[in-house]
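As a plain string of letters, each chain reads:
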Amino acid sequence: MTPVYAIQYAIRVLETVDRHGRGVTAAQLAREIDVPAGQLSQLLAMLQHEGYLHACAEDAYVLGDSAILLGSGTRQQALTDKIRTVLTRLRDEVGAAVYFSRYDEGEVRIVDYADGPAAPKVNEWVDFRYAAHASAVGKCLLTQLDADGRREHVSRHKVARLTSKTITNEDVLLNTLDSQPPTVPTLDLQEYAVGTVCAAVPVTVGSTVGCLAVSMPLDRAHRLKKAADTLNKRSAPVLLSLAI
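Given the structure is predicted, the values throughout are model-derived calculations rather than measurements.

A. Representation of the sheet that holds strand β1 (residues 24-25) within the structure. Strand order in the open sheet formed by three strands is β1-β3-β2, and the pairing between neighbours is antiparallel. Every interior strand has two partners, whereas the edge strands, β1 and β2 (53-56), have only one. Sheet topology places β2 next to strand β3 (residues 60-63); four bridges connect them, and they run antiparallel. When the sheet's bridge partners are listed, L53 is paired in β3 with L63.

Structure follows, in structure tokens:
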């Protein structure tokens, strides 16, 4: 099940649990939302692990603290805390710095990141707002815009050369973004900074354009694909937080 479909089912699970109030069993959930038993068990496990569901007596489920907080007046702080928790967990799993970014009001924004002594973040020697054409984060966000949105961004932020590998031809850049498969991680192989490689995967719900990304030194480049695949597989908690 892809992360997007998993979130669609997960939201249906949470809505159904919320309607029942005092608890609902897995068997009843399966009947009401028509989710295959194997997929439902995976969803229930993920939702419990992330705190969105709580298992009580008699195999019944009720809403957990994460779901309650995200639906409350403190939603923004709860969302910030949830994303920070997910990023920290991902950093430890992939052994590299991990970032959550959004495209807000026409600009690339790094919302939060998790790094550490063994997982150094990329040296932001050029503001990411002006380097979307070269960074994995920026390119991943731009691929989620329509063609007009991409052209409009490039018209405001010229494609300056940051390294010898940076794409500096606008037509080549736009064609590259147009042809980027949505299921394939967007890469930055020393296009933003010499000695650093990055990968990003989309995290999009409704009008939110976001991505998860990972960066690592060039000598660890052989681990980049596996790290990007892990981000893609583990993106469901972030998607779910944004969707609630």
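B. View of the nonpolar core. By size, the foremost hydrophobic cluster in this structure holds 30 residues, and its most contacted members are Y103, V108, L141 and Y192. Put simply, the parts of the chain that give this core at least two residues each are β4 (97-104), α6 (136-143), α8 (170-178), β7 (196-205) and β8 (208-217). If one sorts the elements of this core by residue count, α6 sits on top with five residues. Leaving out residues up to four positions away in the same chain, V108 has contacts with R102, Y103, F128, R129, A132, V137, G138 and L141. Counting 22 residues, the second largest nonpolar core, distinct from the first, contains I83, V94, A199 and V238.

C. Representation of the side chain of E191 within the structure. The residue E191 is located in the loop between β6 (186-189) and β7 in this model. Here the side chain of E191 touches K139 through a polar contact of 2.9 Å, side chain to side chain. In contact with E191, other than residues within four places in its own chain, are H133, A134, K139, L162, T163, K165 and T166.

D. Examining the pattern of salt bridges more closely. Counted by the stated rule, this structure contains 13 salt bridges. Measuring nitrogen to oxygen at the nearest pair gives 3.0 Å for the salt bridge that ties D92 to R91. Between R129 and D127 there is a salt bridge, with its nearest N and O atoms 2.8 Å apart. Assessed through its relative accessible area of 35%, R129 is described here as partly exposed. Using a relative accessible area of 27% as the deciding quantity, one classes D127 as partly exposed.

Rules used in this analysis
Residues numbered from 1 in each chain as written. Predicted model: local features only at pLDDT ≥ 70, side-chain atom pairs only at ≥ 80, totals over all residues. Heavy atoms only, no water. Pairing = 2+ DSSP bridges. Helix = DSSP H or I, 4+ residues; strand = E, 2+ residues; numbered from the N terminus. Core = buried A, V, L, I, M, F, W, Y, C linked by side-chain atoms within 4.5 Å. Buried < 20%, exposed > 50% of the residue type's maximum accessible area, 1.4 Å probe, protein only. Contact = heavy atoms within 4.5 Å. Polar contact = N/O pair within 3.5 Å; in protein donor to acceptor, adjacent residues only side chain to side chain. Salt bridge = Lys/Arg side-chain N within 4 Å of Asp/Glu carboxyl O.

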